[in-house]
Amino acid sequence: MEYKVVIYQEGMLGSLLLGSSKVNPVKFTEFLNLNAADGWRVQTMEKDIRRMLLLWKREAYVVILGRER
């Protein structure tokens, strides 16, 4: 097996305009499907709220992907 760790988060614009930004489920689905097409499968993931410029926050996911070599 081989693994890779990816931090998936939305852009800064939503956080700056709205005060916080949540992950768009459609874009996150596209991200997962793009990796699945290359043989990657989600092993585990964790939700993370990340600070940006001390005042704003945005949602992110730490995703660990794995695939057979």
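Keep in mind the model is a prediction, meaning the values are calculated, not measured.

What to know about the pattern of salt bridges
- For the coordinates displayed, the defined rule picks out one salt bridge.
- The partner of Arg67 in a salt bridge is Glu2, and the shortest N-O contact between them spans 2.9 Å. Highlighted residues: Arg67 in strand β4 (residues 56-67) and Glu2 in strand β1 (residues 2-9), separated in sequence by 65 residues.
- Glu2 sits in the partly exposed class, given a relative accessible area of 22%.

What about helix α2 (residues 25-37)?
- For α2, spanning 13 residues, the distance from its first C-alpha to its last is 18 Å, which sits close to the expected 18 Å at 1.5 Å a residue.
- Taken together, the buried positions of α2 are occupied by Phe28, Phe31 and Asn35. On an axial view of α2, the arc spanned by its buried residues comes to 55°, and they lie on one face. Facing away from the buried side of α2, by more than 90 degrees, are the exposed residues Pro25, Val26, Glu30, Leu34 and Ala37.
- Immediately downstream of α2, the backbone of Gly39 shows phi near 95°, a positive value.

Each value, and the rule that gives it
- Residues numbered from 1 in each chain as written.
- Predicted model: local features only at pLDDT ≥ 70, side-chain atom pairs only at ≥ 80, totals over all residues.
- Heavy atoms only, no water.
- Salt bridge = Lys/Arg side-chain N within 4 Å of Asp/Glu carboxyl O.
- Helix = DSSP H or I, 4+ residues; strand = E, 2+ residues; numbered from the N terminus.
- Buried < 20%, exposed > 50% of the residue type's maximum accessible area, 1.4 Å probe, protein only.
- Expected span 1.5 Å × (residues − 1).
- Arc of directions from axis to C-beta.

Coordinates in, geometry out; function isn't part of it.
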